[in-house]
Structure formats: structure tokens, C-alpha cells
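Coordinate analysis (summary)
Residues per chain are reported as follows:
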Amino acid sequence: MVLHYRDIMVECPVQLDSKKPVGIVLPAFKLPYRRYPVFVYLYAIALYLSGKSMRTAARETAEKFGVPKFSHSTISRTLNALTLKIDELITLCPPRAKADYSTPATLPGQPTPVMRPRWSDSRKQAAPYLLNVLAPLFSSSEYGSILAYQYFKKYDRLLL
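Summarised in this report is the structure supplied together with it. Just so we're clear, the structure is a prediction, and the values are computed from it rather than from any experiment.

Turning to the side chain of Thr-61, a few remarks are in order. Note on placement: Thr-61 falls in helix H2 (residues 54–65). Sequence-distant contacts of Thr-61, that is, excluding residues within four places in its chain, are made with Val-40, Tyr-43, Ala-44, Leu-47, Gly-66, Val-67 and Phe-70.

Okay, structure coming up:
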């Protein structure tokens, strides 16, 4: 994993069954086959949905988290994956705010999503909901790890 221009090795315990590996315990912030922590990807999506261009969002994300090669194309691929999971993500919102998160209207104090003319209809419909779900990342990056963990616990598969 790369964070703040450093390669960091994350050591994870391996579950064994008669000296045969059967599983691995990963921290919530690290996803297999992903170079950066999950909150980096989610923060970049939130920036893009709030009006930044993909290249600007990628550059600002790289500067904020110290990841030197975060690409704008990563934002596109990640956004496609999250758009397909918007219904599941809404169910993970805190119970007191579920009604607010499930409406496309922007919550008070949160950025308004910027619609792009070339977006598909499904992405245009999902964007306000997705920004409402991801907006807490602007104040706390730990929220991204918690969201990924909750998603895994509820649906038994990885968010990204």
C-alpha cells in the first residue's frame, strides 16, 4: 500500500486449517488488489460528484492522501461500480438519517451534485443519492473504512 509517498506493508493474520491457509483477516481500510485504502477511492468520487473535474479530483485526492499516481480513470471505474450499488449503500446509512439519505434532495450543509451532460440516465439518477452517502468523507476519512466494513458485513462481498 502507498500512503504519503511511502510503501507500507500491511501484515494480516492468516487463518489456517491443518497448516493449510483458508482465509486472511484484512483491516477495513485495505481491500485486496487495491493499491490505496478504500477511503481514498470514495473521497475522490465525492469530490468528482461535487463538481470537480475527474483530473482535478484525482490531483486533489493524491495531494490530500499523499498518493503520487492516483489516476482520473480510477474515478470513472470506481463511480461505475458504486452506481450499481447505490440501493445497497443507502441501506447502510445511520438509522436516524435513512429517510434523508434516500431522497435525492441534498442535505443541509452538503454539496450539491453537479450533473454531467454525457452521463447515462442511471448515473444521473444515482448521483444525488451517492453524494449524500459519501458526503461525510469531507469531514472524516474514517467514514469510508466504516462504510466498506459495513457493506462487507451486510452483503458478504467487497464494496470495490
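On we go from here.
Here the focus is unusual backbone geometry. Unlike most non-glycine residues, Ser-18 shows phi in positive territory, near 55°. Relative to the assigned elements, Ser-18 resides in the loop between strand E3 (14–17) and strand E4 (20–24). Despite not being glycine, Lys-19 shows a phi value in the positive range, around 65°. Here Lys-19 shows up in the loop between E3 and E4.

For the rest of this paragraph, the subject is the pattern of salt bridges. This model, assessed by the stated rule, comprises 2 salt bridges. The closest approach of N and O atoms between Glu-60 and Lys-52, which form a salt bridge, is 3.2 Å. Since its relative accessible area comes to 28%, Glu-60 is described here as partly exposed. The salt bridge involving Arg-157 is made with Glu-88; its shortest N-O contact spans 2.4 Å. With a gap of 69 residues between them, Arg-157 in the segment after helix H7 (142–155) and Glu-88 in helix H4 (residues 86–90) connect regions that are remote in the sequence.

The rules behind these values
Residues numbered from 1 in each chain as written. Predicted model: local features only at pLDDT ≥ 70, side-chain atom pairs only at ≥ 80, totals over all residues. Heavy atoms only, no water. Helix = DSSP H or I, 4+ residues; strand = E, 2+ residues; numbered from the N terminus. Contact = heavy atoms within 4.5 Å. Salt bridge = Lys/Arg side-chain N within 4 Å of Asp/Glu carboxyl O. Buried < 20%, exposed > 50% of the residue type's maximum accessible area, 1.4 Å probe, protein only.

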